[in-house]
Each structure stands twice: as structure tokens, then as C-alpha cells.
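# Residue-level structure breakdown
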Amino acid sequence: MSPLFVPGPVDVAPEVLAAQARPMLPHRSREFEEIFQRAADNARLVFQTESPVFLATHSGSGMQETAMRNLVQERVLCLVNGAFSERWLEVGLANGKRAERLDVLWGEAHTPDQLADALRGQSYEALAIVHNETSTGVENPLFELIQAARQVSPDTLILVDAVSSLGGVDIPMQRWEIDFLFTSSQKCLALPPGLALASASPRAMQKASSVENRGWYFDLLRMERHRQKDSTAMTPAMSLIYALDVQLERILSEGLENRFARHAALAQRVQEWGAQRGMPPRVAQERRSKTVTVLENSQGWEIGALNRFLMQRGMRIANGYGVWKDKTLRIANMGETQMADVELLLAALDEYLN
Ligand SMILES: *Cc1c(COP(=O)(O)O)cnc(C)c1O
């Protein structure tokens with residue numbers, strides 16, 4: 001395997017890749033429905049909820065569209081502190097919603113007090129948050145933000161993009177009372193891209209039943225009817241469902257707690273290496289992501305040249321994102337990455353440094 005230290009798509013285990021090569025079945029067959037339902041059931045363990053998990057054929061961003069179409073009739077507040085939280089806002093506006101923004105600077109996180117102030121005296125139907133901002137390497141203090149929102153505005157639904165953290169970082173959906181939580185296949189779940197997974201709370205499903213113009217492909221009520229009856233309303237990406245079924249078994253046999261600890265330890269190792277080499281993490285210690293580390297590019301490295309060097313050793317990392325493109329480097333540790341992989345990368349970076 002040639003480790004990809006980029007924030008998705010990440011490396012996929014050979015047996016998971018191989019699962020995709022299984023022969024097709026009629027998608028309305030009992031054999032396929034059993035596989036689909038087993039995968040959807042096991043996914044609930046990863047989402048830490050008793051609510052259903054929907055498996056959908058599109059990338060994670062499609063679930064932002066699903067959330068905006070089904071859970072917001074009119075007004076939503078988006079917490080913006082990077083490129084993916086900005087997307088929440090764009091998707092809301094593109095779907096004709098009155099999406100409003102609450103900004104903090106890139107590299108920072110909103111505080112519960114800021115959020116409480118923004119919600120006070122307002123009537124937002126939903127609050128859209130990114131758990132792990134992949135563009136800046138910030139892990140937002142999700143549970144504190146949810147608690148603040150619940151206190152000031154208990155009826156506001158909590159919508160969470162956890163694309164770059166679910167399966168790698170502890171996000172107990174039900175205990176934290178998250179209303180809509182989604183991820184993509186190609187990040188911490190370590191599957192090929194093309195599949196999105198989401199779960200909706202009972203009160204989110206109830207809200208959806210009162211929202212107009214939910215569309216067809218992204219209609220949560222249609223998804224729920226089919227989930228109960230067979231699989232999905234349309235033809236699902238069957239090869240990816242085969243792969244998901246195998247990968248969920250692997251994730252659950254590693255154990256969620258072990259998986260979370262592994263991700264945290266890898267990120268911490270990269271952070272420490274950066275600090276020791278004069279390339280410190282961009283983000284304050286208590287807000288640092290456990291799945292992607294954003295380091296100051298203080299050597300002024302040109303990422304193309306760096307990656308040509310790394311690729312001779314079968315590895316690659318990512319450049320900074322957006323306005324931070326050349327100023328930072330991003331080193332991800334999502335999915336199946338092990339400490340030995342990270343040590344190999346850091347040794348290669350040391351070699352490059354000298
Ligand atoms: C990668 C990413 C997305 C986009 O996911 P797609 O599967 O490419 O649609 C959204 N949010 C976050 C936080 C991400 O890291």
C-alpha cells in the first residue's frame with residue numbers, strides 16, 4: 001500500500017477493495033437486501049444511535065443538500081470558520097433558504113457564548129455545524145456548542161457535517177442529541193468515494209414531514225419508506241455497499257474506542273514533529289483536529305516538488321486549502337493509517353528537510 005496522507009480519498013484495505021469485485025445481484029433481490037440492511041444496521045453502531053442510517057449513492061455533500069431540503073423550510077444559521085462550513089451556507093442559499101452566517105477567523109472555533117448570543121431572541125429552524133474543519137485543521141467544540149444552542153433555542157435542529165471525523169473521532173450522536181449527522185465513505189471510514197451515510201433523529205424526521213419541496217432524490221421520507229421496505233428508491237451503488245459491509249466488520253472488530261485512540265495518537269505525533277521542526281500547527285492546542293494536521297509551511301516548501309520526493313517513497317501529503325494554500329501543509333491520518341506509516345512519512349520529511 002502507498003500511504004496517502006491526504007484528507008480523502010484515503011487508502012482502502014485490499015480485502016475491502018476486493019469486495020467491490022463481487023458479482024452484481026438484482027438490487028431488489030433478498031440476497032442484496034440482506035447485505036444492505038446488515039450494513040445499515042452496523043453503521044448505526046458507528047453513528048452511536050438507534051435512529052436509522054441512510055446509505056446513499058452520492059458524495060457527502062449530497063447530505064448537506066438533503067439536510068437543507070428536508071430540515072429547513074426557511075431559516076438556518078451556519079457557523080462558518082473554513083471552506084466546508086462555508087459550503088453549508090452555499091448549499092442553503094442554493095436551495096432557496098434564508099441561510100445566515102456566523103463567522104470566526106480561519107483557524108479558530110466559535111465559542112458557546114458567541115453562539116448563544118447569535119441564537120438569542122431569534123427563531124432559527126436549524127443550526128449547521130462542521131465537526132472537523134478539514135480546510136483549517138480545527139475540531140470545533142461540538143458538544144459545548146450543542147449545549148449552548150439547546151439552552152437558548154431548544155427547538156433548533158442541530159445539523160452536523162462530520163465527513164472528516166466520523167469513525168475516527170468519538171461523536172455519540174444520540175447522547176449529544178444531534179438531529180442530522182452525515183459522512184462520506186472516503187475519509188475516516190476508509191472506503192472508495194461515492195457513498196454517503198447519514199442519520200436523522202426522530203424529531204428531524206418529524207420536521208421533514210412538514211417541510212415543502214423536499215425534492216425526490218433527497219427526500220428523507222422516501223428514503224425511510226424504502227429503508228423499511230427494501231433498500232433505496234433508486235439503484236444503489238452496490239459495489240460500494242459490498243465494500244461497506246466488509247469494512248464495517250473490520251471497524252467494529254478493531255473497536256471504536258481503539259480507533260479513536262489511534263487517530264488521536266497519530267495526529268499528536270504529527271503535531272509534535274511539526275513543533276520540533278519549526279513548522280508548528282496553525283491551530284491552538286485545544287482545538288486541533290485528530291484526523292488532519294495543518295502545519296505552518298515555514299520552510300516555504302513547494303508542494304509539487306515535495307510530493308515528487310515523497311511519491312518515490314510511495315507517499316504523498318496535501319497542500320493547504322484555499323487562502324492557506326501555500327502557507328500551510330496538511331497531513332491527514334484518516335482511516336487505516338498506522339503509527340508505522342506516520343513514522344515512515346516523518347522520516348522521509350526529515351530527509352527532505354536536510
Ligand atoms: C471532504 C469534506 C466534505 C466534502 O465531501 P464530499 O464527499 O467530497 O462531498 C465536506 N465536509 C468536510 C468537513 C470534508 O472534509
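In short, a report on the structure. (Residues numbered from 1 in each chain as written. Predicted model: local features only at pLDDT ≥ 70, side-chain atom pairs only at ≥ 80, totals over all residues. Heavy atoms only, no water.)

So, on to the overall build of the protein. Of regular secondary structure, the protein possesses twelve helices and 13 strands. Over its C-alpha trace the protein gives a radius of gyration of 20 Å, about what one expects of a compact globule, namely 20 Å for 354 residues. Dimensions of the protein along its principal axes, counting C-alpha atoms only, are 60 × 55 × 35 Å. Of all 354 residues assigned to the protein, the portion counted as buried reaches 59%. Put simply, 72% of the contacts in the protein that link residues at least 6 apart link residues at least 24 apart. Looking at the protein as shown, the accessible area adds up to about 14200 Å², and 50% of this sits on carbon and sulfur atoms. Distance between charge centroids for the protein: 3 Å, based on 37 positive and 43 negative side chains. (Helix = DSSP H or I, 4+ residues; strand = E, 2+ residues; numbered from the N terminus. Rg over C-alpha atoms; globule rule 2.2 N^0.38 Å. Buried < 20%, exposed > 50% of the residue type's maximum accessible area, 1.4 Å probe, protein only. Contact = heavy atoms within 4.5 Å. Areas by Shrake-Rupley, 256 points an atom, 1.4 Å probe, with all protein chains shown as cover. Lys, Arg positive; Asp, Glu negative; His and termini not counted. Charge placed at Lys NZ, Arg CZ, Asp CG, Glu CD.)

Here we come to the sheet that holds strand β12 (residues 316–319). One open sheet holds the four strands; their spatial order is β1-β12-β13-β11, and the pairing between them is mixed. Both edges of this open sheet fall to β1 (4–5) and β11 (292–296), since each of them pairs with a single strand only. Across two bridges, the pairing between β12 and strand β13 (residues 328–332) is antiparallel. Looking at the pairing, N319 lines up with L329 of β13. Here helix α11 (residues 303–311) sits on the sheet and contacts β12 and β13; the angle it forms with β12, its principal contact strand, is near 170 degrees. (Pairing = 2+ DSSP bridges. Axes fitted to C-alpha atoms, helices over the stretch in contact; angles between N-to-C directions.)

Glancing now at the packing of α11 against helix α12 (residues 339–353). At a minimum axis separation of 10 Å, α11 and α12 run at an interaxial angle of 125 degrees. If you check the angle between α11 and α12, you find them oblique. For the element pair α11 and α12, the recorded crossing hand is right-handed. Contacts from A305, L306, F309 and L310 in α11 reach L345, A348, L349, E351 and Y352 in α12. (Parallel < 35°, antiparallel > 145°, perpendicular 65-115°, else oblique. Left-handed = near helix turned anticlockwise from the far one by under 90°.)

Around the ligand lies a shell of 14 residues, among which S59, S61, T134, D161 and K187 are the nearest. At 2.5 Å from an oxygen atom of the ligand is found a side-chain nitrogen or oxygen belonging to S61. Here an oxygen atom of the ligand and a side-chain polar atom of Q186 are 2.9 Å apart. Counted by class, the shell around the ligand contains three nonpolar, eight polar and three charged residues. (Near = heavy atom within 4 Å. Polar contact = N/O pair within 3.5 Å; in protein donor to acceptor, adjacent residues only side chain to side chain. Nonpolar A, V, L, I, M, F, W, Y, C, P; charged D, E, K, R; others polar.)

Now for the pattern of salt bridges. Pairing is possible between side chains of opposite charge, provided their charged atoms come close. One pass over the full model with this rule turns up 28 salt bridges. In this structure, E100 engages R75 in a salt bridge whose closest nitrogen and oxygen atoms are separated by 2.8 Å. Residue E100 is located in strand β4 (residues 98–103), and its partner R75 is located in strand β3 (residues 75–80); the two are separated by 25 residues in the primary sequence. A salt bridge links E224 to R227, with the shortest nitrogen-to-oxygen separation between them at 2.7 Å. In this pair, E224 and R227 are both assigned in helix α8 (residues 220–229), three residues apart and thus about one turn of the helix distant. Classification of E224 as buried rests on a relative accessible area of 15%. R227 sits in the partly exposed class, given a relative accessible area of 25%. (Salt bridge = Lys/Arg side-chain N within 4 Å of Asp/Glu carboxyl O.)

This paragraph deals with the pairing of strand β8 (residues 157–161). Summarising burial for β8: five of the five residues are buried, a large majority. Burial of β8 is two-sided: the residues L157, L159 and D161 facing one way and the residues I158 and V160 facing the other way are all buried. With five bridges connecting them, strand β5 (residues 126–130) and β8 associate as parallel partners. Each bridged residue has a counterpart across the sheet, and for L127 the counterpart in β8 is I158. Two strands pair when backbone bridges link them, and β8 and strand β9 (residues 180–184) are joined in this way by three bridges, in the parallel orientation. Bridging from a neighbouring strand, V160 pairs with L181 of β9.

Backbone-to-backbone hydrogen bonds join strands into a sheet, with any given pair of strands oriented parallel or antiparallel. The strand order β2-β10-β9-β8-β5-β3-β4 describes an open sheet built from seven strands, whose pairing is mixed. For this open sheet the edge positions go to β2 (53–57) and β4, each flanked by a neighbour on one side alone. This sheet shows a mean twist of 20 degrees between the axes of neighbouring strands, independent of strand direction. Each of β3, β4, β5, β8 and β9 touches helix α4 (residues 83–94); the most contacted strand, β4, lies at about 160 degrees to it.

Limitation: the analysis is restricted to geometry and does not speak to function.
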